[in-house]
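Results of the structural survey
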Amino acid sequence: RNMEYKQKIFVAGSSGMVGRSLVRQLNKKGFSNILTRSRAELDLVDQLAVRNFFEKNKPDQVYLAAAKVGGIHANNSYPADFIYDNMMIEANVIHEAFKVGVKKILFLGSSCVYPKYASQPIHESELLGGYLESTNEPYAVAKIAGIKLCESYNRQYSQSHEIDYRSVMPTNLYGPGDNYHFENSHVIPGLIRRFHESKIKKSSSVKVWGTGLPSREFLYVDDMALGCIHVMNLSKSQYQENTLSMQSHINIGYGSDITVYDLAVMIKKVVGFEGEILLDKNKADGTPKKILDSTKLNSLGWSPEYNLEKGLKLTYEKFVESYDTLRES
């Protein structure tokens with residue numbers, strides 16, 4: 001085991017919310033040899049830059065948490081950017097890592113890879129079983145390609161090169177370092193910012209998009225990072241016994257969901273906003289229900305440590321600390 005702690009680990013996407021959490025949790029667990037690069041230092045869309053990085057650094061393991069991400073608005077406005085950048089990042093990192101002999105990769109997908117009308121809770125076997133949600137289809141297709149890249153390299157090279165490339169599908173994530181942009185943020189950071197600013201302005205109400213009826217599952221980012229490290233460090237036999245060669249991804253979810261309205265009520269309470277919640281029913285709802293089946297990972301010994309209210313409190317504390325810098329951006 002001691003050898004493992006000395007392994008050189010490259011966390012791709014270390015400046016994002018997920019990557020930062022991975023670095024924090026790896027450090028806490030005693031993995032001390034961690035490589036990170038900001039986007040300014042290494043553009044993962046640039047194949048030559050990625051090749052040079054891997055040839056020079058030769059890491060032992062890669063956590064591939066880098067992605068171009070955004071909410072419904074961003075996905076709808078920039079579909080070409082989302083599919084191209086994400087496919088290039090995955091192809092470059094996985095292929096160039098393979099070429100320098102990286103034995104272990106963990107690719108992070110997203111729950112949007114599953115069909116729009118998948119059975120709930122969504123089991124791993126639902127992948128490629130139907131049409132995707134159209135608003136983020138380009139992003140989802142790129143993420144599916146990432147899973148299939150890992151699988152295909154395993155199928156072709158796991159015997160000859162002893163590689164072991166794995167994938168996890170996290171549910172909706174939130175936590176410190178989230179994106180609080182007005183138009184491009186996801187539901188939790190969007191609501192936190194809206195309630196906070198309404199509290200400062202002493203507004204009488206806050207608008208919540210849609211009917212408030214859809215339900216979603218949310219996982220605190222540190223729980224997800226711990227889930228990733230857990231999956232990466234399962235023995236090869238354990239991983240293979242619990243996955244198939246062409247269905248090798250594992251879900252990481254919280255295990256229960258909440259309606260958007262109830263979530264808004266909870267965030268309102270955490271922020272301490274006194275006004276009322278108004279529903280903007282002209283805005284689209286998206287999928288009515290979305291929750292992952294995380295039985296597999298639970299049976300392999302992982303479960304979340306943070307409940308939603310505790311996670312939201314921690315997220316809001318961090319948001320308040322960084323609010324002044326946010327406002328200027």
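Just above sits the structure.
What this report covers is the structure whose coordinates are included nearby. Bear in mind that the values here come from a model prediction, so they are computed numbers and not experimental data. (Residues numbered from 1 in each chain as written. Predicted model: local features only at pLDDT ≥ 70, side-chain atom pairs only at ≥ 80, totals over all residues. Heavy atoms only, no water.)

Things to note about the overall build of the chain
When its secondary structure is counted, the chain shows 13 helices and 13 strands. In terms of overall dimensions, the chain is globule-like: its C-alpha atoms have a radius of gyration of 20 Å, near the 20 Å expected for 329 residues. The C-alpha extent of the chain, read off along each of the three principal axes, is 65 × 40 × 40 Å. By the burial criterion, 52% of the 329 residues in the chain qualify as buried. Within the chain, contacts between residues at least 6 apart in sequence are counted, and of these 81% link residues at least 24 apart. About 15400 Å² of surface is accessible on the chain, with carbon and sulfur atoms providing 51% of the total. A gap of 3 Å separates the mean positions of the 40 positive and 37 negative side-chain charges of the chain. (Helix = DSSP H or I, 4+ residues; strand = E, 2+ residues; numbered from the N terminus. Rg over C-alpha atoms; globule rule 2.2 N^0.38 Å. Buried < 20%, exposed > 50% of the residue type's maximum accessible area, 1.4 Å probe, protein only. Contact = heavy atoms within 4.5 Å. Areas by Shrake-Rupley, 256 points an atom, 1.4 Å probe, with all protein chains shown as cover. Lys, Arg positive; Asp, Glu negative; His and termini not counted. Charge placed at Lys NZ, Arg CZ, Asp CG, Glu CD.)

A closer look at the packing of helix α2 (residues 17–28) against helix α8 (residues 221–232)
Working note: a packed helix pair is described by the angle between its axes plus the distance between those axes. Relative to each other, α2 and α8 sit at 65°, their axes nearing to 9 Å. The handedness of the crossing between α2 and α8 comes out as right-handed. Contacts from Met-17, Val-18, Ser-21, Leu-22, Arg-24, Gln-25 and Leu-26 of α2 reach α8 at Val-221, Asp-222, Met-224, Ala-225, Leu-226, Cys-228 and Ile-229. A per-class count over the contact of α2 with α8 returns 10 nonpolar, 2 polar and 2 charged. (Axes fitted to C-alpha atoms, helices over the stretch in contact; angles between N-to-C directions. Left-handed = near helix turned anticlockwise from the far one by under 90°. Nonpolar A, V, L, I, M, F, W, Y, C, P; charged D, E, K, R; others polar.)

Comments concerning α2
Because each turn of an α-helix spans 3.6 residues, side chains separated by three or four positions end up pointing in the same direction. The end-to-end C-alpha separation of α2 is 17 Å, in line with the 16 Å expected for 12 residues at 1.5 Å each. Residue Gly-30 follows α2 closely and has a positive phi angle near 100°. (Expected span 1.5 Å × (residues − 1).)

Some details on the sheet that holds strand β8 (residues 215–216)
Strand pairing within a sheet occurs via backbone hydrogen bonds; the two strands may be parallel or antiparallel. Here we have 3 strands laid out as an open sheet, ordered β11-β8-β13, and mixed in their pairing. Strand pairing shows two members of the sheet lacking a second neighbour, β11 (258–259) and β13 (289–290), which therefore form its edges. (Pairing = 2+ DSSP bridges.)

Digging into the sheet that holds strand β5 (residues 164–170)
On the basis of which strands lie adjacent, the open sheet formed by 6 strands has the order β2-β1-β3-β4-β5-β10 and parallel pairing. Edge positions in the sheet fall to β2 (34–36) and β10 (249–252), since each of these pairs with one other strand and no more. Averaged over all adjacent pairs, the angle separating strand axes in this sheet is 20°, with direction ignored. Bridge analysis of strand β1 (residues 9–12) against β2 gives 3 bridges, and the strand direction is parallel. Looking at the pairing, Ile-9 lines up with Ile-34 of β2. Helix α5 (residues 79–99) rests against β3 (61–64), β4 (104–108) and β5 of the sheet, and its axis sits at about 175° to β3.

Focus: the pairing of strand β7 (residues 205–209)
By the alternation rule, side chains of β7 split into Val-206 and Val-208, which are all buried, and Ser-205, Lys-207 and Trp-209, of which none is buried. Pairing of β7 with strand β12 (residues 276–280), which is carried by 5 bridges, proceeds in the parallel orientation. Pairing of Trp-209 across the sheet is with Asp-280, part of β12.

Observations concerning the nonpolar core
Ranked by internal contacts, the top residues of the largest apolar core, which has 40 residues, are Phe-10, Leu-44, Phe-54, Val-62, Leu-64 and Tyr-165. Once residues within four sequence positions are removed from consideration, Phe-54 is found in contact with Phe-10, Pro-59, Val-62, Val-93, Glu-96, Ala-97, Val-100 and Val-102. Counting residues in hydrophobic clusters, the runner-up holds 31 residues, among them Val-23, Leu-219, Val-221 and Leu-226. (Core = buried A, V, L, I, M, F, W, Y, C linked by side-chain atoms within 4.5 Å.)

Here's the deal with the side chain of Asp-178
Here Asp-178 is to be found in the loop between β6 (172–174) and α7 (187–201). One buried charged residue, Asp-178, forms no salt bridge at all, with the nearest opposite charge on Arg-20 at 8.5 Å. Residues in contact with Asp-178, not counting those within four places in the same chain, are Met-17, Leu-173 and Pro-189. (Salt bridge = Lys/Arg side-chain N within 4 Å of Asp/Glu carboxyl O.)

Focus: the pattern of salt bridges
Taken as a whole and assessed by the stated rule, the structure comprises 11 salt bridges. In this structure, Lys-148 and Glu-151 form a salt bridge, with 2.8 Å as the shortest nitrogen-oxygen distance. Here Lys-148 pairs with Glu-151, and both are found in helix α6 (residues 137–161), just 3 residues apart, close to one helical turn. Classification of Lys-148 as partly exposed rests on a relative accessible area of 23%. Residue Glu-151 is classed as buried on the basis of its relative accessible area of 2%. Ionic pairing is found between Asp-280 and Lys-283, a salt bridge with its closest N-O pair at 3.5 Å. Of the residues examined, Asp-280 reaches a relative accessible area of 12% and is grouped as buried. Within this structure, Arg-51, Glu-96 and Lys-99 form a network of salt bridges that share partners.

Purely spatial values, then, with no claim about function.
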